[in-house]
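Coordinate analysis (summary)
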Amino acid sequence: MKRVAIIQSAYVPWRGFFDLISRCDEYIIYDQVAYSKGHWHNRNKIKTATGTRWITIPVKTSGKLGQPIEDVEIKGDWAQSHFSQVRQAYKTAPAAKVFLPVIEALYDRAEKLQFLTDVNELFLRHFVDTLKLEVLITRDRIYAPHSARSERVLATCLAAGATHYLSGPSAKVYLDEAMFRDAGVTVEWMSYGPYPEYTQLHGVFDGQVSIIDPILNGHGAGFAAASRPQQGAATWQSV
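Summary of the structure given here. (Residues numbered from 1 in each chain as written. Predicted model: local features only at pLDDT ≥ 70, side-chain atom pairs only at ≥ 80, totals over all residues. Heavy atoms only, no water.)

Quick word on the overall build of the protein
Keep this limit in mind: For helices the rule is a DSSP run of H or I covering at least 4 residues; for strands it is a run of E covering at least 2, with both sets numbered from the N terminus onward. As a reference, a globule follows 2.2 Å times the number of residues to the power 0.38, and the radius of gyration itself is taken over C-alpha atoms. Exposure categories follow from relative accessible area, calculated using a 1.4 Å probe and restricted to protein chains: below 20% of the type maximum is buried, above 50% is exposed, and the middle band is partly exposed. Contacts are assigned to residue pairs that have any heavy atoms within 4.5 Å of one another. The accessible surface values rely on the Shrake-Rupley method and a 1.4 Å probe; as for residues, cover is taken only from the protein chains in view. Two residue types count as positive, namely Lys and Arg, and two as negative, namely Asp and Glu; His and chain ends fall outside the count. Positions of charges follow a simple convention, taking NZ of Lys, CZ of Arg, CG of Asp or CD of Glu.
Scanning the protein from terminus to terminus reveals 8 helices and 8 strands. Scaling as 2.2 N^0.38, a compact globule of 239 residues should have a C-alpha radius of gyration of about 18 Å, and the protein matches this with 18 Å. Principal-axis analysis of the C-alpha atoms gives the protein an extent of 55 × 50 × 25 Å. The buried share of the protein, taken over its 239 residues, is 52%. For the protein, long-range pairs separated by at least 24 residues make up 69% of all intrachain contacts whose partners lie at least 6 apart in sequence. Only carbon and sulfur atoms are counted for the fraction: they give 51% of the accessible area of the protein, which is about 11,100 Å². Each charge sign in the protein was given a centre, from 26 positive and 24 negative side chains, and these centres are 5 Å apart.

Below you can see the structure in the form of structure tokens.
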């Protein structure tokens, strides 16, 4: 059996993303599809003393409607500003002394990168290693997918040798499950949470924030087990 996830890249995504890919043998970065303005591709949230705040990577979109995510270029300086906001928000967090210097080094590397997808992959691979998740990370380009929507995802699954495809729930509006079933690929649907709370800075708990938050708050160790839903709830369902 081989389970894969095929998801567009996101900037320092939340823990549910890492929960999903931790359940797979391979995560395929789905970045040959169109960039969506206002999506999670180039932004995420952190908690600060003045409330939850978006941190957004500026990208070039003018006149480039429908460009693939992998072609989206970054514009202007952004990395040091983002790290400054992270440092200010989490300088008193339990794991700050360990992880803030590491995160600063990541932003130093990210500052030199031209394309958004490369920045996202840089952070993704680092946090996968930090969380000790055993999942192969590849890009959809190596499987040369064609068509669109269900056909494209299925072609990628078959090229990767997948027997099971684990998808986020938003794809239910378009995914043709019968097509997958006929091709011998079992579709499974991820159901996020409810995730356990952890000790967090800055007031009322908010679980819908970047993975940076649980890591700096000392929730990185044993992530795969600690992040499972409460009360033994099923986290994914086969169709």
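With respect to the side chain of Asp19
Cut-off, in case you're wondering: Definition of a polar contact: a pair of N or O atoms within 3.5 Å, with one able to donate and the other able to accept a hydrogen when the atoms are protein atoms, and with sequence-neighbouring residues admitted only if both atoms are side-chain atoms.
By the element assignment, Asp19 lies in helix α1 (residues 15–22). You can call Asp19 buried: its relative accessible area is 0%. A polar contact of 2.9 Å, which involves the side chain of Asp19, links it to the side chain of Arg23.

Let's talk about the state of the cysteines
Let me state the cut-off plainly: Throughout, disulfides are identified as pairs of cysteine sulfur atoms within 2.5 Å of each other.
On inspection of all chains with the given rule, the structure shows 0 disulfides. With no disulfide of its own, Cys24 has Cys157 as its nearest cysteine by sulfur position, at a separation of 9.9 Å. Classification of Cys24 by relative accessible area gives buried; the value is 4%. Under the relative-accessibility criterion, Cys157 is labelled buried at 0%.

Here we look at unusual backbone geometry
Cis peptide bonds are those with omega within 30 degrees of zero, and the linkage from Gly193 to Pro194 qualifies with 5°. Tracing the chain through its elements places Pro194 in the loop between β7 (186–190) and α7 (212–216). Its identity is not glycine, yet Lys132 carries a phi of approximately 60°, on the positive side. In this fold, Lys132 is placed in the loop between α4 (116–130) and β5 (136–139). Residue Lys132 is classed as exposed on the basis of its relative accessible area, which comes to 70%. Positive phi is not limited to glycine here, since His202 has a value of about 65°. Residue position: His202 is located in the loop between β7 and α7.

Things to note about the pattern of salt bridges
Working definition: two side chains of opposite charge can pair if their charged atoms are close together. We apply this condition: A side-chain nitrogen of Lys or Arg and a carboxyl oxygen of Asp or Glu constitute a salt bridge if their distance falls within 4 Å.
Following the criterion strictly, the structure yields 8 salt bridges and no others. One salt bridge connects Arg141 with Glu70, and the closest N-O pair in it is separated by 2.4 Å. Residue Arg141 is found in the loop between β5 and α5 (149–159), and its partner Glu70 is found in the loop between β4 (51–56) and α2 (79–90); the two are separated by 71 residues along the sequence. In this structure, the salt-bridge partner of Glu121 is Arg125, at a minimum N-O distance of 2.7 Å. Of this pair, Glu121 and Arg125 both sit in helix α4, 4 residues apart, which is roughly one turn of that helix. The class of Glu121 is buried, set by a relative accessible area of 13%.

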